[in-house]
Amino acid sequence: MSRRKTVLRRDQLRGMDCRGAFFLCLCFMTSQSETMDTSQEPLRCMRKLETVSRYRRPAPFPDIIRDLENSLLNASFRGNNLTLQTRSIQSLIFKLGCGFAGLSLNSTTMEEYSKAGVSHAMYFPAELTKDACRARPRELRLICIYFSTAYFFQNANSLVLNNYVLGAQLGQGHVSNLNEPISISFQHNQSLEGYMVTCVFWKEGASKHYWGVWSPEGCRTEQLSPSRVLCRCNHLSYFAVLMQLSQAPIPRELLVPLMYISLVGCSISIVSSLLTILLHFQARKQGDSMTRIHMNLHASVLLLNVAFLLSPLPATPPVPGSACTAVAAILHFALLSCLTWTAIEGFNLYLLLGHVYNIYIRRYLLKLCAVGWGVPALLVLFLVVESSAYGPCTIPVSSSQENGTGFQNMSMCWVQNRWVHSILVMGYGGLTSLFNLVVLVWALRVLQRLRARNGVLNPRACRDSVTVLGLTVLLGTTWALAFFSFDVFLLPQLFLFTTFNSLYGFFLFLWFCSQRRRSEAEMETEMERFSSSQTML
């Protein structure tokens, strides 16, 4: 009886061991299937994006890309990293600790890009995990997503270099304002000479027509060679290099003298414009409408010079993008106002000569101010509200090196939309310059007929000729030099345009002083005549 009980217990234990082994096997298989499912979820998102890109199907791009990011952050895998790849998308996942010492990634991407000679590289500094570990020490996930198509990040103004977009994200947090920037290198198999390249990141929610726009905020562009571009950015996002057709870059040897000419010339013009305005308000007699038109022109020139000197400062990464946008909008407004007031000067000159110094229009100055200040303000406000036309604008600069020619772009806050620049900068300036040139030619012909009618060189007619020539040349003609920035004209155009237009306010100050001295001389002559007539009586 006891032997039978012993055998029964042994059978029960064997059954329990089998059931336990079966349960452990079932748990292991379940965990394995969960691991496979979590690692297969990013692949499903990547294949979905592949299908959308290949057949150009309309789809909610941000939702699909966020699903891909979340699935990568939640994926389970053995080891410290995982690589997933489809035809045009590659995803990498890294497990990082608080002792992170930096990470360098070289291009081990798609076979088609290796054959084409196109490559990229990324470097993440040790500072990347400091803020996250300071808040709560834990294991972190760094994900990198490489797109070989720019279909999900459309841009109307420029081409994306290699159609390549590189993205990076650390956990669910937002990494920004790094002291040591993230470096992204793009290598192309052909020379990029003739193109202006700009490092940009994808800024979500910055456009009303799409789910984001490319922005250069927080990124610095360095063109190390004609085919290699290095981007240094102080935050994590999706990065790319935009290409725009451009003229030859400015030689670095000429950049320093041009900057000194601009700085000295604009500073002199600022002081001259301030003196002119102060002298005008100091005078007891505020003058006629013509003098007040001159003062409005001086005010616009003063604002233009101040905004121009401030424009490079907010373009650096530590300054928020809204400050650069504001400075660029003010600079554009000042330029449009200055050009408009030069056209008003030409229009007023036409009325003075056409009506033989006798003209009266009700509320004439108020109407001119509405045009001179109101029209530019409406145009700039429309651009600020309706589009992202303002921001950091890159200036290509070349420098001679021992192993060839290097390229490094400079930035200033200015109009970055090429259509806005073509229409509301070059087009606007061209129309005002052409109008003033036509008025100049017409005015000189009128004064020539007056001299011929008198039969002798009338001193007043000569003085009028000098006045008209000086006024109209200074008020608009020098802006026409902007249209000669090509081929052999580029070098002289740079120096002439920079010199004349930076000293623009100083030339107007000289003209104001000559006109004031002339009016004082005429007043003294009239007083002498009046005194002599009183003496005779």
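Everything below is about the structure printed above this text.
An account of the accompanying structure is given in this report. If you're wondering where the values come from, they're calculated on a predicted model, not measured in any experiment.

Regarding the overall build of the protein
Next up, step 1: Of regular secondary structure, the protein possesses twelve helices and 18 strands.
Next up, step 2: Sorting the 537 residues of the protein into buried and exposed places 44% on the buried side.
Next up, step 3: Within the protein, residue pairs in contact and separated by at least 24 positions form 73% of the contacts whose partners lie at least 6 positions apart.
Next up, step 4: Counting only carbon and sulfur atoms, one obtains 61% of the accessible surface of the protein, whose full area is about 29,500 Å².

Points about the environment of Ser322
Next up, step 1: Considering the arrangement of structural elements, one finds Ser322 in helix α7 (residues 321-354).
Next up, step 2: Ser322 sits in the exposed class, given a relative accessible area of 56%.
Next up, step 3: Separated by 69 residues in the primary sequence, Ser322 and Gly391 place their C-alpha atoms 8.3 Å from one another.

Focus: the environment of Gln187
Next up, step 1: Examined against the element boundaries, Gln187 turns out to sit in strand β8 (residues 182-187).
Next up, step 2: Residues Gln187 and Arg228, 41 residues apart in the sequence, show an inter-C-alpha distance of 4.6 Å.
Next up, step 3: At 3.1 Å, the side chain of Gln187 and the side chain of Ser227 are in polar contact.

Considering the pairing of β8
Next up, step 1: Summarising burial for β8: five of the six residues are buried, a large majority.
Next up, step 2: Of the strand pairs in this sheet, strand β4 (residues 119-124) and β8 are connected by five bridges, and their pairing is antiparallel. Pairing of Ser119 across the sheet is with Gln187, part of β8.

Points about the side chain of Asn305
Next up, step 1: Its location among the elements puts Asn305 in helix α6 (residues 289-310).
Next up, step 2: With residues up to four places along the chain from it excluded, the contact list for Asn305 reads Cys266, Ser269, Ile270 and Ser502.

Focus: the pattern of salt bridges
Next up, step 1: Going through the model one piece at a time under the given rule, you end up with seven salt bridges.
Next up, step 2: When the shortest N-O distance is used, the salt bridge between Glu41 and Arg44 registers 2.6 Å. In this pair, Glu41 and Arg44 are both assigned in helix α1 (residues 2-55), three residues apart and thus about one turn of the helix distant.
Next up, step 3: Judged by relative accessible area, Glu41 falls into the partly exposed class, the value being 30%.
Next up, step 4: On the accessibility criterion, Arg44 (45% relative accessible area) is partly exposed.
Next up, step 5: In this structure, Lys203 and Glu217 form a salt bridge, with 3.1 Å as the shortest nitrogen-oxygen distance. Within this pair, whereas Lys203 is found in strand β9 (residues 195-204), its partner Glu217 is found in the loop between β10 (212-215) and β11 (219-225), the two being separated by 14 residues in sequence.
Next up, step 6: Among the residues examined, Glu217 registers a relative accessible area of 22% and is labelled partly exposed.
Next up, step 7: Here the residues in one salt-bridge network are Asp63, Arg66 and Glu204, joined through shared partners.

Structural notes on helix α2 (residues 61-73)
Next up, step 1: Between its first and last C-alpha atoms α2 spans 18 Å; for 13 residues at 1.5 Å apiece the expected length is 18 Å, and the two agree.
Next up, step 2: Those residues of α2 lying buried are Phe61, Pro62, Ile64, Ile65, Leu68, Glu69, Ser71, Leu72 and Leu73.

Focus: the state of the cysteines
Next up, step 1: Using the criterion set out here, one finds four disulfides in the structure.
Next up, step 2: The disulfide bridge from Cys199 ends at Cys231, spanning 1.9 Å between sulfur atoms. Residues Cys199 and Cys231 are joined by a disulfide whose S-S torsion is about -80°; by sign, that bridge is left-handed. In this pair, Cys199 is assigned in strand β9 and Cys231 in strand β12 (residues 228-233), connecting sequence segments 32 residues apart.
Next up, step 3: Under the relative-accessibility criterion, Cys231 is labelled buried at 1%.
Next up, step 4: Here Cys324 is linked by a disulfide to Cys413, with a sulfur-sulfur distance of 2.1 Å. Where Cys324 bonds to Cys413 through sulfur, the torsion about that S-S bond is close to -125°, and the disulfide is left-handed. With a gap of 89 residues between them, Cys324 in helix α7 and Cys413 in strand β18 (residues 410-415) connect regions that are remote in the sequence. Each member of the pair, Cys324 together with Cys413, is buried.
Next up, step 5: The connectivity of the disulfide bonds within the protein can be written as 1-2, 3-5, 4-6, 7-8, using the sequence rank of each bonded cysteine.

Digging into unusual backbone geometry
Next up, step 1: If you check the backbone angles, Asn177 has positive phi at about 55° while not being a glycine.
Next up, step 2: The phi angle at Arg363 is positive, at roughly 50°, despite the residue not being glycine.
Next up, step 3: Note on placement: Arg363 falls in the loop between α7 and α8 (364-386).

Things to note about the nonpolar core
Soluble globular proteins tend to bury their nonpolar side chains together.
Next up, step 1: Residues Leu304, Leu335, Cys338, Tyr390, Trp414 and Trp479 are the most contacted members of the largest nonpolar core, which totals 38 residues.
Next up, step 2: Broken down by secondary-structure element, the contributors of at least two residues to this core are α6, α7, α8, β15 (390-395), β18, α9 (418-454) and α12 (504-536).
Next up, step 3: The element best represented in this core is α7, accounting for 14 residues.
Next up, step 4: Those residues in contact with Trp414, other than ones at most four positions away along the chain, are Ala328, Leu331, His332, Leu335, Ala389, Tyr390, Gly391, Cys393, His421 and Val425.
Next up, step 5: Listed in part, the 37 residues of the second largest apolar core include Leu92, Leu103, Phe124 and Leu142.

Things to note about the packing of aromatic side chains
Next up, step 1: Inspection of every chain in the model, using the stated rule, returns 14 aromatic pairs.
Next up, step 2: Both rings, one in Trp202 and one in Trp214, keep their centres 5.0 Å apart while their planes meet at 75°; by these two values the pair is edge-to-face. Of this pair, Trp202 sits in strand β9 while Trp214 sits in strand β10, and the two are twelve residues apart along the sequence.
Next up, step 3: Taking the relative accessible area as the measure of exposure, Trp202 reaches 3% and is therefore buried.
Next up, step 4: By relative accessible area, Trp214 is classed as buried at 8%.
Next up, step 5: Consider the rings of Phe500 and Phe507, whose centres lie 6.4 Å apart with planes at 50°: the pair is tilted.
Next up, step 6: Phe500 gets classed as partly exposed once you look at its relative accessible area, which sits at 33%.
Next up, step 7: We classify Phe507 as partly exposed; its relative accessible area is 22%.
Next up, step 8: If you follow Lys95 out to its NZ or CZ, it ends over the ring of Phe77, 4.6 Å from the centre.

Each value, and the rule that gives it
Residues numbered from 1 in each chain as written. Predicted model: local features only at pLDDT ≥ 70, side-chain atom pairs only at ≥ 80, totals over all residues. Heavy atoms only, no water. Helix = DSSP H or I, 4+ residues; strand = E, 2+ residues; numbered from the N terminus. Buried < 20%, exposed > 50% of the residue type's maximum accessible area, 1.4 Å probe, protein only. Contact = heavy atoms within 4.5 Å. Areas by Shrake-Rupley, 256 points an atom, 1.4 Å probe, with all protein chains shown as cover. Polar contact = N/O pair within 3.5 Å; in protein donor to acceptor, adjacent residues only side chain to side chain. Pairing = 2+ DSSP bridges. Salt bridge = Lys/Arg side-chain N within 4 Å of Asp/Glu carboxyl O. Expected span 1.5 Å × (residues − 1). Disulfide = S-S within 2.5 Å. Core = buried A, V, L, I, M, F, W, Y, C linked by side-chain atoms within 4.5 Å. Phe/Tyr/Trp six-rings, centres within 6.5 Å; stacked < 30°, edge-to-face > 60°. Lys NZ or Arg CZ within 6 Å of the ring centre and 35° of its normal.

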